[in-house]
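Chain residues, written in single-letter form:
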Amino acid sequence: MYLLKQLENQPKFTSILISMLMLVVISVIDYLVSTEISVSFLYLIPVGISTWCTDKYISLFMILASDLINLILSQMKNKYHLNPDNYYWNALTMLVFFLFTNFLLLEFKNNLKSLEELAQKDNLTGLNNRRFFMEIVNNEIVKSVRYQEPLTLAYFDIDDFKKINDQYGHTAGDRLLQLVANQATVTLRKSDVIARIGGDEFAILLPRTGYEASEVVLHRLKTMLVMSMQQEGLSVTVSIGAITFYHPPQSVNEILEQADTLMYVAKKKGKNLLQHELSKHPAI
């Protein structure tokens, strides 16, 4: 399973090439072994790789090719078999088995992806959850240090969100969180990563983004969030705390805490503000 997951991350052409190569190797083995020994189960290797790592058309081709090759080799090695119809019956049985295996693998793959998404996503907003976000930040810290690229992390929450819950109810509060999440996702760049940290708090990672560029992104975000809420008839504002690193610390928690602290500084200054600082963290 680990090898399949690694192969899945490679270009599709790589998986196709490996599947074809395995089919050739297994065909040679099938041809060379004694007629008393069946190696039909080995064809599951290219079938499984193509099913998991490519698409349904390529996997179907691999299934048919494996079945046909096995049929031809069986006939070649057993020219004087008393009942030739057995070849076709065996080929049909093998085809059904491969198709059923293909179906089971696809179902397992889809279920596995669903479970992974459940473990990574916030149920209410569909954004990344805190645990998965911290994993992403940790990976970006490594990249930032290795390639000497800047990194910006921002925290924001909805001002006076508790009052909204108290006045309109938790259902309205949940709907507001969803609206904010949707608008933030639309406004941010494709390279940016947003997560719901908890309650009405959100975190944003801006990889390879320096101070000036992140200022533009975050100011636009704050403006678009307020405007979109006004269009919904809601007087809602947000407070944002952000910090840019050119030499980030190794600790993810340290980065998150600094951004969180700056968000509360923005609140103390009157809310509906962006408090953005450039880190003085020394080079590693």
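Predicted, not measured: the structure shown is a model, and the values here were computed from it. (Residues numbered from 1 in each chain as written. Predicted model: local features only at pLDDT ≥ 70, side-chain atom pairs only at ≥ 80, totals over all residues. Heavy atoms only, no water.)

This part is about the overall build of the protein. If you tally the helices and strands in the protein, you get ten helices and five strands. Taking 19 Å as the expected radius of gyration for a compact globule of 284 residues, we find that the protein reaches 28 Å, considerably beyond that expectation. Referenced to the eigenvectors of the C-alpha coordinate spread, the extents of the protein come out at roughly 90 × 50 × 25 Å. Looking at the protein as a whole, 43% of its 284 residues are labelled buried. In the protein, 71% of the contacts between residues at least 6 apart in sequence involve partners at least 24 apart. (Helix = DSSP H or I, 4+ residues; strand = E, 2+ residues; numbered from the N terminus. Rg over C-alpha atoms; globule rule 2.2 N^0.38 Å. Buried < 20%, exposed > 50% of the residue type's maximum accessible area, 1.4 Å probe, protein only. Contact = heavy atoms within 4.5 Å.)

Reading across from one edge, β2-β3-β1-β4-β5 is the order of the five strands in this open sheet, with mixed pairing throughout. Of all the strands in the sheet, just β2 (193–198) and β5 (274–278) have a single pairing partner and so form its edges. For this sheet the average axis-to-axis angle between neighbouring strands, irrespective of direction, equals 15°. In the packing of helix α8 (residues 170–187) onto the sheet, the strands contacted are β1 (151–158), β2 and β3 (201–207), and the crossing angle to β1 comes to about 150°. (Pairing = 2+ DSSP bridges. Axes fitted to C-alpha atoms, helices over the stretch in contact; angles between N-to-C directions.)

Quick look at the layout of surface pockets now. Quantified by volume, the largest pocket comes out at close to 350 Å³. If you trace the largest pocket, you find 18 residues lining it, with S40, N70, S74, N78 and N90 closest to the centre. Of all the secondary structure elements, the ones that give two or more residues to the lining of the largest pocket are α4 (56–77) and α5 (85–120). Of all the elements, α5 adds the most residues to the lining of the largest pocket, at five residues. Taken together, the residues of the lining of the largest pocket break down into six nonpolar, ten polar and two charged. Size it by volume and the second largest pocket reaches roughly 240 Å³. (1 Å grid on protein atoms, 1.4 Å probe; cavity = no way out; pocket = protein on both sides within 12 Å on 5 of 7 lines; lining within 4 Å. Points joined across faces, edges and corners; volume = space filled by probe spheres on them. Nonpolar A, V, L, I, M, F, W, Y, C, P; charged D, E, K, R; others polar.)

Turning next to the pattern of salt bridges. A complete count under the given rule lists nine salt bridges for this structure. A salt bridge links K143 to E140; the nearest nitrogen and oxygen atoms lie 3.6 Å apart. Separated by three residues within a single helix, K143 and E140 lie in helix α6 (residues 130–147), roughly one turn from each other. Exposure remark for K143: the relative accessible area of 38% places this residue in the partly exposed category. (Salt bridge = Lys/Arg side-chain N within 4 Å of Asp/Glu carboxyl O.)

What follows concerns the nonpolar core. Counting 27 residues, the largest nonpolar core has F156, I158, L176, V180, I204, L218 and L221 as its most contacted members. Listed by contribution, the elements that provide at least two residues to this core are β1, α7 (161–168), α8, β3, α9 (211–231) and β4 (238–245). Here this core gets six residues from one element, more than from any other, and that element is α8. Residues within four places of I158 in sequence aside, it is in contact with I164, L176, L177, V180, D200, V236, T237, V238 and K267. Within the second largest apolar cluster, 21 residues are counted, among which are L151, I197, I243 and M263. (Core = buried A, V, L, I, M, F, W, Y, C linked by side-chain atoms within 4.5 Å.)

A few words now on the pairing of β2. Within β2, five of the six residues are buried, which leaves it mostly tucked inside the rest of the structure. Bridge count for β2 against β3 is five bridges, and the pairing is antiparallel. Among the inter-strand pairings, I194 is bridged to a residue of β3, identified as I204. Connecting the antiparallel pair β2 and β3 is a turn made up of two residues, with G199 showing a positive phi of about 60°.

The next thing to look at is the environment of D192. The topology assignment puts D192 in the loop between α8 and β2. Since its relative accessible area comes to 10%, D192 is described here as buried. Residues D192 and F161 lie 31 residues apart in sequence; the distance between their C-alpha atoms is 25 Å. When near neighbours in sequence (up to four residues on either side) are disregarded, D192 contacts L205, L206, P207 and V217. Polar contacts involving the side chain of D192 include one to the side chain of R189, which spans 2.7 Å. (Polar contact = N/O pair within 3.5 Å; in protein donor to acceptor, adjacent residues only side chain to side chain.)

A few words on a nonpolar patch on the surface. Together, V24, V28, Y31, L32, L68, I72 and M76 make up an exposed nonpolar region whose accessible area comes to about 680 Å². Those elements that provide at least two residues to the nonpolar patch are α2 (12–32) and α4. Per-element tally for the nonpolar patch: the top contributor is α2, with four residues. By the element assignment, I72 lies in helix α4. On the basis of relative accessible area, I72 is assigned to the partly exposed category, the value being 39%. (Patch = residues over 30% accessible without salt bridge, like charges linked within 9 Å, V, L, I, M, F, W, Y side chains within 5 Å. Areas by Shrake-Rupley, 256 points an atom, 1.4 Å probe, with all protein chains shown as cover.)

Positionally, D67 belongs in helix α4. Discounting chain neighbours no more than four positions away, the residues touching D67 are A91, M94, L95 and F98.

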